[in-house]
Amino acid sequence: GGAENVLALKVDASTGTGWWYEGGGLSRHNWLVRANHTHIEQDGAWVYTSQTASGVATFHTSVAVAADDPNPSGSIAVQV
């Protein structure tokens, strides 16, 4: 149950863009991304190698975590 969700978009063409079209509409692709309060940021996980020699590689990782909850609790475990 629950109430319906509402998604509102506002476009502002008051400043003008200098292009031939000043319609103020959405002119690019748009996506609605839904995530939990605590999540890996979009494009926030990276794995790369910095050195390879004799069949051995060194891997580096980076993970950007977003905690949008105003009162976060718990823990996050990252396992490689």
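Please refer to the structure higher up on the page.
Throughout what follows, the structure given in this document is the object of discussion.

Rules of the game
- Residues numbered from 1 in each chain as written.
- Predicted model: local features only at pLDDT ≥ 70, side-chain atom pairs only at ≥ 80, totals over all residues.
- Heavy atoms only, no water.
- Helix = DSSP H or I, 4+ residues; strand = E, 2+ residues; numbered from the N terminus.
- Buried < 20%, exposed > 50% of the residue type's maximum accessible area, 1.4 Å probe, protein only.
- Contact = heavy atoms within 4.5 Å.
- Areas by Shrake-Rupley, 256 points an atom, 1.4 Å probe, with all protein chains shown as cover.
- Patch = residues over 30% accessible without salt bridge, like charges linked within 9 Å, V, L, I, M, F, W, Y side chains within 5 Å.
- Salt bridge = Lys/Arg side-chain N within 4 Å of Asp/Glu carboxyl O.
- Pairing = 2+ DSSP bridges.

Examining the overall build of the protein
Then comes step 1: For the protein, the count of helices and strands is zero helices and two strands.
Then comes step 2: A burial count over the protein gives 2% of its 80 residues as buried.
Then comes step 3: Within the protein, contacts between residues at least 6 apart in sequence are counted, and of these 35% link residues at least 24 apart.
Then comes step 4: As presented, the protein carries roughly 8100 Å² of accessible surface, and 51% of it is formed by carbon and sulfur atoms.

Focus on unusual backbone geometry
Then comes step 1: Of note, the phi angle at D43 is positive, near 60 degrees, even though the residue is not glycine.
Then comes step 2: Of note, D43 is situated in strand 1 (residues 38–53).

Examining a nonpolar patch on the surface
Then comes step 1: A grouping of I40, V63, V65, I76 and V78 is seen on the molecular surface, where their side chains present a nonpolar patch of about 430 Å² in accessible area.
Then comes step 2: With respect to the element layout, V65 can be found in strand 2 (residues 56–67).
Then comes step 3: Classification of V65 by relative accessible area gives partly exposed; the value is 37%.

Some details on the pairing of strand 1
Then comes step 1: Pairing geometry for strand 1 and strand 2, over 11 bridges, is antiparallel. Residue I40 lies in a different strand from strand 2, and its bridge partner there is V65.
Then comes step 2: The antiparallel hairpin formed by strand 1 and strand 2 contains two residues in its connecting segment, where S54 sits at a positive phi of about 55 degrees.

A word on the environment of A64
Then comes step 1: Tracing the chain through its elements places A64 in strand 2.
Then comes step 2: Relative accessible area serves as the criterion here: at 26%, A64 is assigned to the partly exposed category.
Then comes step 3: In this view, A64 contacts H39, I40, E41 and G44; residues no more than four positions away in its chain are not counted.

Focus: the environment of T61
Then comes step 1: Tracing the backbone shows T61 in strand 2.
Then comes step 2: Residue T61 is classed as partly exposed on the basis of its relative accessible area, which comes to 48%.
Then comes step 3: A C-alpha to C-alpha distance of 6.6 Å links T61 and Y48, two positions 13 residues apart in sequence.
Then comes step 4: Aside from chain neighbours lying at most four places away, what touches T61 is W46 and V47.

A look at the environment of S73
Then comes step 1: Tracing the sequence through the fold places S73 in the segment after strand 2.
Then comes step 2: Residue S73 is classed as exposed on the basis of its relative accessible area of 72%.
Then comes step 3: Sequence separation between S73 and T38 is 35 residues; the distance between their C-alpha atoms is 9.7 Å.

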